[in-house]
Amino acid sequence: MTLTDKFDAGAEGMVTVVTPAARGFIPMMELIDREKELARLQKELAKNEKEVAMFQKQLDNPRFVEKAPAALVEETRNKLTAAKDKHNGILQSIAALS
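Summary of the structure given here. (Residues numbered from 1 in each chain as written. Predicted model: local features only at pLDDT ≥ 70, side-chain atom pairs only at ≥ 80, totals over all residues. Heavy atoms only, no water.)

## Notes on the pattern of salt bridges
Where we set the bar: A side-chain nitrogen of Lys or Arg and a carboxyl oxygen of Asp or Glu constitute a salt bridge if their distance falls within 4 Å. Here a helix means four or more residues in a row that DSSP labels H or I, a strand means two or more in a row labelled E, and each is numbered from the N terminus. The buried label goes to any residue with under 20% of its type's maximum accessible area, the exposed label to any with over 50%, and the partly exposed label to all in between, with areas taken from a 1.4 Å probe on protein chains only.
All chains considered together, the criterion is met by 5 salt bridges. For R34, the salt bridge goes to E35, with nearest N and O atoms at 2.6 Å. Two residues, R40 and E44, come together in a salt bridge whose shortest N-O distance is 2.7 Å. Of this pair, R40 and E44 both sit in helix α1 (residues 34-60), 4 residues apart, roughly one helical turn. Taking relative accessible area as the criterion, R40 reaches 41% and is therefore assigned partly exposed.

Below, the structure is given as structure tokens:
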């Protein structure tokens with residue numbers, strides 16, 4: 001661990017942890033197998049895309065929206081929103097490793 005008053009180097013490939021008193025940089029490329037992590041993220045992304053498509057298909061079906069209980073429709077909307085948020089997070093993780 002190195003402590004300095006100012007960090008002038010680039011933060012590529014590092015996770016930044018910020019607290020009110022300090023900012024830490026963790027060199028992730030030294031801690032993980034980049035190729036394995038990218039493969040895992042790609043697999044997770046494919047699974048997530050299927051979930052997003054499934055929830056979207058349900059909500060695009062007028063019969064489901066009209067006949068299903070309102071609570072179920074709302075729950076499906078929430079699941080779609082959560083799946084889309086997860087999708088964006090996975091894409092950000094992939095971009096950070098690329």
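## Digging into the environment of L80
Keep this limit in mind: Pairs of residues are marked as contacts when any of their non-hydrogen atoms sit within 4.5 Å.
Relative to the elements of secondary structure, L80 occurs in helix α3 (residues 70-97). Considering only alpha carbons, one finds L80 and A53, 27 residues apart in sequence, at a separation of 8.7 Å. If near-sequence neighbours (up to four positions away) are discounted, L80 is found in contact with V52, F55, Q56 and L59.

## A short note on α3
Given 3.6 residues per turn, any residue in an α-helix points the same way as the ones three and four places further on. Under the convention used in this document: Under the convention used throughout, the expected extent of a helix is 1.5 Å for every residue step, that is, one less than its residue count.
Between its first and last C-alpha, α3 extends 41 Å over 28 residues, near the 40 Å set by a 1.5 Å rise per residue. When we look at burial in α3, the residues that qualify are V73, T76, L80, A83, H87, I90, I94 and L97. Buried residues along α3 sit against α1 and α2 (62-67).

## Some details on α1
An ideal rise of 1.5 Å per residue puts 39 Å on 27 residues; α1 measures up with 38 Å between its terminal C-alpha atoms. If you check which residues of α1 are buried, you get L38, L41, L45, N48, V52, F55 and L59. Buried-residue contacts for α1 involve α2 and α3.

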